[in-house]
Amino acid sequence: MSAPLPQSIDDTLTMLNSQDYVADRSLATVLFLSLKMGRPLFLEGEAGVGKTEIAKVLSKALDRPLIRLQCYEGLDISSAVYEWNYPAQMLEIRMSEAAGISDRDRLEHDIFADRYLIRRPVLEALSGEPGRPPVFLIDELDRTDEAFEAFLLEVLSDFQVTIPEYGTIKAAERPAVIITTNRTREIHDALKRRCLYHWVDYPSAERELEIVARKAPEANKRLSEEIVRFVQKLRQMELFKVPGVAETIDWATALTELDKIALDPATISDTIGVLLKYQDDIARLQGSEGKRILDDVKAELASA
């Protein structure tokens, strides 16, 4: 049996906190309602703000299996939902012919049996074990096309899949569904209406500092403060891709591995590739701009 669902918003905050996920009350509220109402939760936001992590945390906290469907361009039903084991079916047909079985209905019934059905993530999510329905993560849905979105409508509204040769498979217990998107394109309203919605934003400096303290506890306190303030200032710049929380944690971990206790221009220049992923952004920070931001950070901390 899985762990019981949280019974209040405060319980949800406690559950997330127990797994070192620092969440604000608005996120805890919509997550609580999603679990209570049995509705999918649609999380939208920039890459690296912790959307995917919510599903992982939920899986651990509730002691449920995590089933992840990583979306990509060209994702189809055979990769996401199910397909038939065609080689095994062909072998069954030939064996039946060799045995002199000519009953077409019987043969069709035999080759479209459950043992030949290959269950992909969507079907696995609907076939959870009793008392322990999974957490189903549909990650980066915006990478797929509208045809796949349309297919998901039945899954998200009725928690079932219809297979023409087999019939309808319906979840005995609804999985907890988390859908994420980085908003590279708009998702159709028909799908959003089946979900509860939440925009996951970049955290405040105080909350990001708490996240770093939990995820990179070896980092020096002064170093963590400088890292967080530096990253917060980068997010105010017009960069091609501003760093997410994941990059902040990676940078704190990397600098700790290098035994750094504070930021300096040389360290920023040498390790900026941990934080930024595009050369134009990196080039902008390797000159005087990086030093200027660092000076501002140190001045703020000194006055504080």
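The text that follows walks through the structure, step by step, so that each part is easy to find.

Topic: the packing of aromatic side chains
Next up, step 1: The final tally for this structure, using the stated rule, is seven aromatic pairs.
Next up, step 2: For the pair F42 and Y197, a centre-to-centre distance of 6.0 Å together with 20 degrees between the ring planes defines the contact as stacked. With F42 in strand β1 (residues 41–44) and Y197 in strand β9 (residues 196–199), the pair connects residues that are 155 residues apart, well separated along the chain.
Next up, step 3: For Y197, a relative accessible area of 41% corresponds to the partly exposed category.
Next up, step 4: Residues W84 and Y166 carry aromatic rings whose centres are separated by 6.3 Å and whose planes lie at 50 degrees to one another, so their mutual orientation is tilted. Residue W84 is located in strand β3 (residues 82–84), and its partner Y166 is located in the loop between β6 (160–163) and β7 (167–170); the two are separated by 82 residues in the primary sequence.
Next up, step 5: Since its relative accessible area comes to 3%, W84 is described here as buried.
Next up, step 6: One aromatic cluster in this structure is built from Y82, W84, F112 and Y166.

A look at the side chain of E247
Next up, step 1: Relative to the assigned elements, E247 resides in helix α12 (residues 245–257).
Next up, step 2: Sequence-distant contacts of E247, that is, excluding residues within four places in its chain, are made with V274, L275 and K277.

So, the sheet that holds β1
Next up, step 1: Across the sheet, five strands lie side by side as β2-β5-β8-β1-β9; this open sheet has parallel pairing. The two strands at the open ends of the sheet, each matched to only one other strand, are β2 (66–70) and β9. Averaged over all pairs of adjacent strands, the angle between their axes in this sheet comes to 20 degrees, without regard to strand direction.
Next up, step 2: Both strand β5 (residues 135–139) and strand β8 (residues 176–181) contribute to a ladder of four bridges, which runs parallel.

Describing helix α1 (residues 9–18)
Next up, step 1: Along α1, the positions that sit buried rather than exposed are T12, M15 and L16. Buried residues along α1 cover an arc of 95 degrees about the axis, so they all sit on one side. Away from the buried face of α1 by more than 90 degrees, exposed residues T14 and S18 are located.
Next up, step 2: Just downstream of α1 lies D20, where phi reads positive at about 60 degrees.

Overview of the layout of surface pockets
Next up, step 1: The computed volume of the largest pocket comes to approximately 550 Å³.
Next up, step 2: Residue lining of the largest pocket: 33 residues in total, with G48, V49, G50, K51 and E53 positioned closest to the centre.
Next up, step 3: Put simply, the parts of the chain that give the lining of the largest pocket at least two residues each are α2 (25–37), α3 (51–62), β2, β9, α10 (205–215) and α12.
Next up, step 4: Sorting elements by how many residues they give to the lining of the largest pocket places α3 first, with four residues.

Quick notes on the rules
Residue positions are counted from 1 within each chain, in the order its sequence is given. A pLDDT threshold of at least 70 governs which residues receive local features in this predicted model, and a stricter bar of 80 or more applies before side-chain atom pairs are shown or counted, although totals over entire chains, interfaces and linings include all residues. The side-chain figures draw on all heavy atoms in the structure; neither hydrogens nor water molecules are used. Aromatic contacts are taken between Phe, Tyr and Trp rings whose centres are within 6.5 Å, Trp giving its six-membered ring; a plane angle under 30 degrees counts as stacked, one over 60 as edge-to-face, and the others as tilted. Helix and strand labels come from DSSP, where a helix needs a run of H or I of at least four residues and a strand needs a run of E of at least two; each type is numbered from the N terminus. Using a 1.4 Å probe on the protein chains alone, a residue whose accessible area is under 20% of its type maximum counts as buried, one over 50% counts as exposed, and one in between counts as partly exposed. Any pair of residues with heavy atoms lying within 4.5 Å of one another is described as a contacting pair. Strand pairing is defined by DSSP finding a minimum of two bridges between the two strands. Each axis is a line fitted through C-alpha atoms, and for a helix only the stretch in contact is used; angles between axes span 0 to 180 degrees, taken between their N-to-C directions. An arc is given here, and it is the one of the directions from the helix axis to the C-beta atoms. We place a 1 Å grid over just the protein atoms. Points where a 1.4 Å probe fits but has no way out form a cavity, open points with protein on both sides within 12 Å along at least 5 of 7 lines form a pocket, and any residue with an atom within 4 Å of a point lines it. Grid points are joined across faces, edges and corners, and a volume is the space filled by probe spheres set on the points.

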